[in-house]
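# Analysis of the macromolecular model
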Amino acid sequence: MATSSVSKGCFVFKPSSKKRRRTLSIEDYFQNDNIDPETSTLRFQTCQSLWEQMKTEVEVFQEELNKKILDRLLEFARKSTATSRSTADDWASRMRSSEIPTAALVLGVNVPDHDVTLRRLSELLQQSATPFVVSLQSKECSALKQMVQKVLLQLMGCTVSLDEEEEEQPALSEAADLPRKRAHCSLATLCDWYQAVQKKAAVPSPCKSRGSPGDGVGQGPPVVVIFKDFESFNPRVLQDFIIICSQYIQKLPLTFVFGIATSPITIHHVLPHSVSSLLCIELFQSVPCTEHLAMVIDKLVLTTQFPLKLSGKVLRVLIGIFLYHDFSVRNFIKGLQLALLEHFYNSPLSVLCCKKREALSRAQQLSHENCEGVRRLPSFMRYIENQEPQEQIELLTNDQHLKDVCQRLLRDLHTYHKQYYPVLRCLHTLTATLPKHPLGKQIRELHVTCLERNVWECEEYASALQLLRILAKDELVAALRQCSGILESVKSKELRCVSEQLNDFIGRFEQLDKDRSAEGECTEEGEDASPRPRLQKKTDLFHLQKTLLEMKESRRTKKLSRFEVLRNEALDFIETLVKKHLVPPEAQALHEVCYYSSHGTVRCRLNAAPRTSIQTALSSPYCYLQNDALKSEEGAISNAAPDICIVYKLHLECGRLINLYDWLEAYRTVVAAAEGKDRDGTEAGTFDEEKHARFIRAVSELEFLGFVKNTKQKTDHVARLTWGGC
C-alpha cells in the first residue's frame, strides 16, 4: 500500500480481516514441534494443576509465617491513634501525643520479597484497621511536592468507600478535587478532606459531649503512610515531610511504617536527632529469609505431596543463587516454577509425573512413541541389562508388557520417596547438633548430599558416626525419641516397624538406669572398675616403655559397658536404615519421569551474565544473527559485521587510551574492504561523511554499554574501561 502526496501526512491503513492473526493461548505456546503433540495438552494441564497446588501451599504457609508480625502491626496501628490522643496530664503522655507513631519494620536484605509482605500489610490494614493507607516508593518521591501529591492522590480513593449517599457529596467532591490542583497540594488540604470525611461518616449521638475540634478527629481511623524502601528515599525530602507532618499531628492521626532492609540504626543515619525526636518509634522484626527458605524447601521439596523432584545439581544452583545473590525466597520459588515448566515442556514422559493412582492409569495409555521413549531412558536401560534374556526381549518388543512393568516400577518409585524423606529427617535429627556439623546444619545440605552420592561413603558421614558413638545417653535417647515420632506419622508399615524397634531401644536404655539403681552401682557409664597400672616413682627408660605399652594394650582390650554395647547396637541399626533407604534416586528405574536435572538451563535462565552475553554478541555476531557471511576465524575482523562489532574488535587491540583518529582510520579501512574499494587509493585526510557518522554512532553505543568513556587527559582520546574479551 503506497500513498503519493505533495505534502507530508499520516495515513492509516486498517488491516484486512482475512489476514487477522489468531490470538494464541498459553496452551498453544506450550506446544513443542519436537515433542509428541498427543500428550502436549495433558502435560500442560498437569503442569498447570501442579503449579496451582504449589502456589496455594506457598501462600498458606507464608500467611502463617508472617501472621505474628502482621498481627502486631495491626494492633500497633489500632492503638497508635488512641495513644497519640491521650488526654492525661502527665508530662510523658503529653510528649507522646505530640510525636508521630512510627513502626520500624526490619524486613531483611531480601529486597525482592518486601513488596509481598508490605502489600499484604496494606490489605490487612484496609480490611480491619483503617481505610486510609498510602504506600510510597523512593523512585516516585524525588521531591517534597511529589511525595505530598502522591499521598493525597492515593487517599482520594477512600472517598468512594466511606460515602454511602451520593446526594450529599458536593463538599466532599470539592475537597477530593483539591489535590489535583498543584496550588492546593498540601497537608492542610489533607486535614480538611479528612475532617470532611469524618463528619460525613460520623453518626450523631445525643449523649456525646462537645469538646475541642481535635477530640472528634482523635476517634477516627489513622492515616497510615508506608515507606516501602526507607533507605532509598532522599534524606532531605524525608526530613521535610516528617517536620511538616508533625505540625498537623493534632488534627490528622498519622502513623508511619518504615520498611527497612538493613538495620534499625539506619533511621538515625538518615534522620538527624531534631527530626527523629518527632517520631515515637517501635521496632518490628520479620522472619529471617533463611528460615523462610527452610520452610519453602520443607513444604515444596522435602515432601511426597508434589511429584516433581529436583536433582542435586539443580537444587545447588537455586540455593547458590539465594545465598550469593539476592536472599530472595520469591526468586527461589520462581526457580522452582521454571524447573516445573522446563520439565513438562521438554520431556514427553513427564505425563507420568503426577499422583500415584493417576500415573498408573496413564502408564497403561502410553503411545508407541512414549514406550520407545521409556526404552531409551538410561535408568530403564540399566534395568533391562539386569534382567533375564527372555525378559529383555519382552521389554524391548512387547509394548503391553512394558506398560505393566512401568506400573510396577512407578509403584516402587513412589514407595522409595515415601520412605526416603522420613529417614532423611531422622538422620538430620541425629547429626544436626553434632560439633562442627559434619553433615550440614540445614536439612537441605544433607538432602543434596544424598541426591548426588551414597552418603555413607563420604568422609563427613564417617566423622558424624564417630561423634554419635561417643554421644551421652540423654542426648542419644532424646534424638531416638524424635526419630521415632517422625516415623510414627508416616503411613508405611515398614517404617512403623522401624519406629517400634527404636522404641524398644529407648526402653532398653531406660532399663539400664533402673538396673543400675537397683544394684547400687556408683560408677559412671562405661567406666572400667579394674585397676590400671600405675607408673613407678623412680624408673628407667626400659620400665617406663614397658608400662606405657601395658597401659595401651589394656585400653585396647577394655571391656565395653552395657551402655556402650547398646549404643553401638542402636547406631548400627540406624546405619543399616540409612544404607537401605537413602540410596540416590539415580538407582531407581524411571526416576527421569519425576526428576528435573538440567541445571545448566536453570543457571542460564536465572543467573544471567549480561556482560558475557554482550561481549559474545560483539565479538561473534554469528551466534545471534546466524548469518553465514559473519563467520570468521578466531581473532579476525569480519568486514560484513555490524559497525559496533567492527569498532569493538578494533578497540580490543588498543591500550588504556585510544586515539579516535587512528580508530576511525582503522574502521574506514575495514569498511572499505567490505565495499570492494582500495583504501590506499583514496587521498589521505579525506573523510566520507556517512562512514564518519556510522563510526560516531558505534563509539557512542560502546560508551553507552560501558566499554569506553571520555577522558580529560587528552582531548582526542577515549579511555578504555574493560579488559579481556571473548
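Residues numbered from 1 in each chain as written. Predicted model: local features only at pLDDT ≥ 70, side-chain atom pairs only at ≥ 80, totals over all residues. Heavy atoms only, no water.

This next bit is on the environment of Q387. Considering the arrangement of structural elements, one finds Q387 in the loop between α18 (378-385) and α19 (389-397). Among the residues examined, Q387 registers a relative accessible area of 24% and is labelled partly exposed. At 3.2 Å, the side chain of Q387 forms a polar contact with the backbone oxygen of Y383. (Helix = DSSP H or I, 4+ residues; strand = E, 2+ residues; numbered from the N terminus. Buried < 20%, exposed > 50% of the residue type's maximum accessible area, 1.4 Å probe, protein only. Polar contact = N/O pair within 3.5 Å; in protein donor to acceptor, adjacent residues only side chain to side chain.)

Here we take up a positive patch on the surface. A grouping of K356, R411, K418, K491 and R496 is seen on the molecular surface, where their side chains present a positively charged patch. Here K356 is to be found in helix α16 (residues 356-363). Here K356 falls in the partly exposed class, since its relative accessible area comes to 38%. (Patch = residues over 30% accessible without salt bridge, like charges linked within 9 Å, V, L, I, M, F, W, Y side chains within 5 Å. Areas by Shrake-Rupley, 256 points an atom, 1.4 Å probe, with all protein chains shown as cover. Salt bridge = Lys/Arg side-chain N within 4 Å of Asp/Glu carboxyl O. Lys, Arg positive; Asp, Glu negative; His and termini not counted. Charge placed at Lys NZ, Arg CZ, Asp CG, Glu CD.)

Attention shifts here to the sheet that holds strand β5 (residues 279-285). Read across the sheet, five strands follow the order β2-β3-β4-β1-β5 without closing on themselves; strand pairing throughout is parallel. The open sheet terminates on both sides in strands that have one partner only, identified here as β2 (133-136) and β5. Averaged over all neighbouring strand pairs, the angle between strand axes comes to 20°, with direction disregarded. Bridge count between strand β1 (residues 100-106) and β5: seven bridges; the pairing is parallel. Paired with V106 across the bridge in β5 is Q285. Contacting β2 and β3 (223-227), helix α5 (residues 144-155) runs over the sheet at an angle of about 140° to β2. (Pairing = 2+ DSSP bridges. Axes fitted to C-alpha atoms, helices over the stretch in contact; angles between N-to-C directions. Contact = heavy atoms within 4.5 Å.)

Now for the pattern of salt bridges. Enumeration over the complete set of coordinates arrives at 23 salt bridges. E452 is the partner of R316 in a salt bridge, and the nearest nitrogen-oxygen pair spans 2.8 Å. Here the residue R316 occupies a position in helix α14 (residues 312-326), and E452 occupies one in helix α21 (residues 443-452), the gap between them amounting to 136 residues. Of the residues examined, R316 reaches a relative accessible area of 46% and is grouped as partly exposed. Connected through salt bridges with shared partners, the residues R469, D572, E575 and K579 form a single ionic network.

Moving on, we come to the sheet that holds strand β10 (residues 717-720). Strand order in the open sheet made by the three strands is β8-β10-β9, with antiparallel pairing throughout. Two strands in the sheet have a free side with no partner beyond their single neighbour: β8 (657-659) and β9 (708-710). Between one strand axis and the next, the sheet turns by 40° as a mean value, whatever way the strands run. Judged from the three bridges that link them, β8 and β10 form a sheet pairing that is antiparallel. The residue of β10 that forms the bridge with N659 is H717.

This part is about the packing of aromatic side chains. In the structure shown here, the tally under the stated rule is 19 aromatic pairs. Measuring from centroid to centroid gives 5.6 Å for W663 and F695, while their planes differ by 90°, and the two rings are edge-to-face. Linking W663 in helix α31 (residues 660-674) with F695 in helix α32 (residues 689-705), this pair joins segments that are 32 residues apart in sequence. Like F695, W663 is buried. Between the aromatic rings of Y667 and F695, the centroid separation amounts to 5.7 Å while the plane-to-plane angle is 40°, which identifies the pairing as tilted. Of the two residues, Y667 is situated in helix α31 and F695 in helix α32; the sequence distance between them amounts to 28 residues. Each member of the pair, Y667 as well as F695, carries the same accessibility label: buried. (Phe/Tyr/Trp six-rings, centres within 6.5 Å; stacked < 30°, edge-to-face > 60°.)

Where helix α28 (residues 610-619) is concerned, the buried positions are Q615, L618 and S619. What you see down the axis of α28 is that its buried residues fit within an arc of 90°, all on one side. Tucked inside the fold, the buried residues of α28 contact α30 (643-652) and α32. (Arc of directions from axis to C-beta.)

Quick look at the confidence of the model for the chain now. Residues of the chain with pLDDT of at least 70 account for 80%, and the chain-wide mean is 82. Helix α6 (residues 158-162) is the least confidently modelled element of the chain, averaging 39 in pLDDT, while strand β7 (residues 595-596) averages 96, the highest of any element. This stretch, residues 204-218, has a pLDDT under 50; its non-local contacts, to residues over four places away or in other chains, come to eight contacts. Scored below 50 in pLDDT, residues 521-533 makes 12 contacts in the model with residues more than four places away or belonging to other chains. (pLDDT = per-residue confidence, 0-100.)

Although it is not a glycine, K436 sits at a positive phi angle of roughly 65°. Topologically, K436 is positioned in the loop between α20 (399-431) and α21. Among the residues examined, K436 registers a relative accessible area of 82% and is labelled exposed. Of note, the phi angle at L590 is positive, near 65°, even though the residue is not glycine. Along the chain, L590 falls in the loop between α26 (562-581) and β7.

Within the secondary structure, D113 sits in the loop between β1 and α4 (114-129). No salt bridge is formed by the buried D113; its nearest oppositely charged neighbour, R330, is found at 5.7 Å. Once you skip the residues sitting within four places of it in the chain, D113 turns out to touch F327, S328, V329 and R330.

The biggest cluster of nonpolar side chains holds 106 residues, and the ones touching the most others in it are F332, F380, V455, F509, L582 and L590. No other element matches the 14 residues that α20 contributes to this core. Beyond its immediate chain neighbours, meaning those up to four positions away, L582 contacts Y420, V423, L424, L427, C450, V455 and W456. Within the second largest apolar cluster, 40 residues are counted, among which are C141, M156, F241 and F256. (Core = buried A, V, L, I, M, F, W, Y, C linked by side-chain atoms within 4.5 Å.)

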